[in-house]
Amino acid sequence: MTAIENAVHVVDAAAVMGLLSARPRLLALGEPTHGEEDLLEARNDLFRRLVEREGYRTITIESDCMMGLVVDDHVSSGAGDLDDVMTRGFSHEWGAFPGNRELVRWMRAYNAERPASERLRFAGFDGPLEITGAASPRQAVTALHAYLAERVDGGLLPCTAQTLDELLGADDQWTNPAAMMEPSQSVGRTAEAQRLRLLVDDLVALLDAQTPLLVATSSPDDWDRARMYGRTATGLLRYHHWMADTSPTRMAKLLAGRDSMMAANLLALADRGPTLVSAHNLHLQRHRSSMQMSGQPHEWWCAGAIVSARLGEEYAFVATALGTIWHRGVGAPPPDTIEGHLYALPEDRYVVDPRRLMEVFGDATPAPRVSPWFGYFPLDPARVAHEDGIVFVKDARTRLP
């Protein structure tokens, strides 16, 4: 056995948990690129093992938290047709991926004959955001108001539903794709948007102030969803506000705003019990994230860094690395990179102990891998030892048709 083989294990729940100093409430499994079915297959396999052997009951992915309620209702109770659930329950076109469809199908089958206390749950933890813009805040704002109107004295509400509807206006003004690159196209700082932010702030404050009544008169799911409506409404209005910003830090604020919304949703899910988190490495790592957009570098604290600061050892991050993505022009990794050393091993998948891996190299730092394709982010040798684990997939053979 070579020295590097001492740092790798077969991919199973026990191997992953064996790398951790404590049992995490949130186990984050990152991926270095989106759209590869082999990565979704590896995620699904790990989740099944975590469910069967470690008592995990929730998985959350990088998808719209509001749309994710459709999926959760389906896997929990069988509500809706699977085709419709895959269409309406995912953002970022995630519903078209066979790996996500298989995950939903398996979760529903698992839950079918089990009592509510043992059923699996699904959640999206992203905001209602796309790289090209953000959703209208209408759904979250009106759902929050309706929840409160059903349960508290009407005199405590800061406004009527009609007032909110008038301030929201047409949804297409909020979703205008031109606003992402041109601040003047955003409605985020109009007089109506500013008043709407104040009213939503009052609604969220009322939600907090009436907590004893609302907990007593709501199911746990209804209470959790109401708080998510509040987080989403305030987060979206803040995001639209910064879309209208003209300062040089505009894009950094938008990137940070999205991850802040992600972090708030993850912290709420941590209260539900052990949860597997699936998203891009850039959102889940513990250090600052960085990327180039429109030729400019941007840095921000990602969701993983925020959650790790709050949860400590109850948050764990396992990065996924790839050997090849031939259909994207990413060939075999150079042998002096971390991916190159792992690629030389015989099996297709490994769980890697990053500290033992870096001990193999001693004082000789591995060469950084440079991807010929912008959509793949290789491991950073300077940071690998600070991760809790690595899942290495040798070849990405399949992609969305």
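Because the structure is predicted, anything quoted here is derived from the model rather than measured.

Topic: the overall build of the chain
And then number 1: The helix and strand inventory of the chain stands at 16 helices and twelve strands.
And then number 2: For the chain, whose C-alpha radius of gyration is 22 Å, the value lies close to the compact-globule estimate of 21 Å for 401 residues.
And then number 3: In terms of its C-alpha atoms, the chain occupies a principal-axis envelope of roughly 75 × 55 × 40 Å.
And then number 4: Put simply, the chain has 401 residues, and 54% of those count as buried.
And then number 5: Taking contacts inside the chain between residues at least 6 apart in sequence as the whole, the part at least 24 apart equals 78%.
And then number 6: Total accessible area computed for the chain in this model is approximately 17400 Å², and 52% of it derives from carbon and sulfur atoms.

As for the layout of surface pockets
And then number 1: Of the volumes computed, that of the largest pocket is approximately 890 Å³.
And then number 2: Taken together, 31 residues line the largest pocket, and the ones lying closest to its centre are His34, Glu62, Ile131, Arg258 and His280.
And then number 3: Contributing elements (two or more residues each) for the lining of the largest pocket: β5 (129-130), α12 (250-270), α13 (281-284) and β8 (289-293).
And then number 4: Of all the elements, α12 adds the most residues to the lining of the largest pocket, at four residues.

Details of the pattern of salt bridges
And then number 1: This model, assessed by the stated rule, comprises 28 salt bridges.
And then number 2: The salt bridge partner of Arg349 is Asp45, with a shortest N-O separation of 3.1 Å. Here the residue Arg349 occupies a position in strand β11 (residues 349-352), and Asp45 occupies one in helix α2 (residues 37-54), the gap between them amounting to 304 residues.
And then number 3: Overall, Asp45 belongs to the partly exposed group, its relative accessible area being 25%.
And then number 4: The salt bridge partner of Lys253 is Asp245, with a shortest N-O separation of 3.6 Å.
And then number 5: When its relative accessible area of 7% is taken as the criterion, Asp245 is described as buried.
And then number 6: Within this structure, Glu41, Asp45, Arg48, Glu102, Arg105 and Arg349 form a network of salt bridges that share partners.

Here's the deal with the side chain of Thr324
And then number 1: Relative to the helices and strands, Thr324 is located in strand β10 (residues 315-324).
And then number 2: Polar contacts involving the side chain of Thr324 include one to the side chain of Trp326, which spans 3.2 Å.
And then number 3: Excluding residues within four positions of it along the chain, Thr324 makes contact with Val330, Gly331, Ala332, Pro333, Tyr343, Lys394, Asp395 and Ala396.

Brief notes about the domain arrangement of the chain
And then number 1: Domain boundaries assigned for the chain yield domain 1 (4-56 + 274-396) and domain 2 (133-262).
And then number 2: Using C-alpha coordinates to define each centre, domain 1 is positioned 34 Å away from domain 2.
And then number 3: Tallying the contact residues gives ten residues for domain 1 and nine residues for domain 2.
And then number 4: When domain 1 packs against domain 2, close to 790 Å² is buried across both sides, 71% of that on carbon and sulfur atoms.

With respect to the nonpolar core
Most often, soluble globular proteins keep nonpolar side chains buried together rather than apart.
And then number 1: Core analysis: the biggest nonpolar cluster contains 47 residues, and Leu27, Phe47, Leu50, Ile59, Phe90, Met107 and Phe122 have the highest contact counts within it.
And then number 2: Looking at this core, the element that brings in the most residues is α2, giving seven residues.
And then number 3: If we skip the residues at most four places from it in the chain, Ile59 touches Arg43, Phe47, Leu103, Met107, Arg121, Phe122, Ala123 and Leu276.
And then number 4: The next biggest cluster of nonpolar side chains, apart from the first, holds 36 residues, and it includes Leu26, Tyr350, Val352 and Ile390.

Comments concerning the side chain of Thr232
And then number 1: Examined against the element boundaries, Thr232 turns out to sit in helix α11 (residues 220-243).
And then number 2: For Thr232, a relative accessible area of 2% translates into the label buried.
And then number 3: Not counting residues within four places of it along the chain, the set of residues in contact with Thr232 comprises Cys65, Met66, Pro128, Ala140 and Met261.

A word on the packing of α11 against α12
And then number 1: Two elements in contact, α11 and α12, have axes whose closest approach is 9 Å; the angle formed by their N-to-C orientations is 175°. Relative to α12, α11 is oriented roughly antiparallel. Between α11 and α12, the residues in contact are Met228, Arg231, Thr232, Gly235, Leu236, Tyr239, Trp242 and Met243 and Arg250, Lys253, Leu254, Arg258, Met261, Ala264, Asn265 and Ala268, respectively.
And then number 2: For the contact of α11 with α12, the residue count by class is nine nonpolar, three polar and four charged.

About the criteria used
Residues numbered from 1 in each chain as written. Predicted model: local features only at pLDDT ≥ 70, side-chain atom pairs only at ≥ 80, totals over all residues. Heavy atoms only, no water. Helix = DSSP H or I, 4+ residues; strand = E, 2+ residues; numbered from the N terminus. Rg over C-alpha atoms; globule rule 2.2 N^0.38 Å. Buried < 20%, exposed > 50% of the residue type's maximum accessible area, 1.4 Å probe, protein only. Contact = heavy atoms within 4.5 Å. Areas by Shrake-Rupley, 256 points an atom, 1.4 Å probe, with all protein chains shown as cover. 1 Å grid on protein atoms, 1.4 Å probe; cavity = no way out; pocket = protein on both sides within 12 Å on 5 of 7 lines; lining within 4 Å. Points joined across faces, edges and corners; volume = space filled by probe spheres on them. Salt bridge = Lys/Arg side-chain N within 4 Å of Asp/Glu carboxyl O. Polar contact = N/O pair within 3.5 Å; in protein donor to acceptor, adjacent residues only side chain to side chain. Domains from an automatic or database assignment. Buried area = accessible area lost by both parts, 1.4 Å probe. Core = buried A, V, L, I, M, F, W, Y, C linked by side-chain atoms within 4.5 Å. Axes fitted to C-alpha atoms, helices over the stretch in contact; angles between N-to-C directions. Parallel < 35°, antiparallel > 145°, perpendicular 65-115°, else oblique. Nonpolar A, V, L, I, M, F, W, Y, C, P; charged D, E, K, R; others polar.

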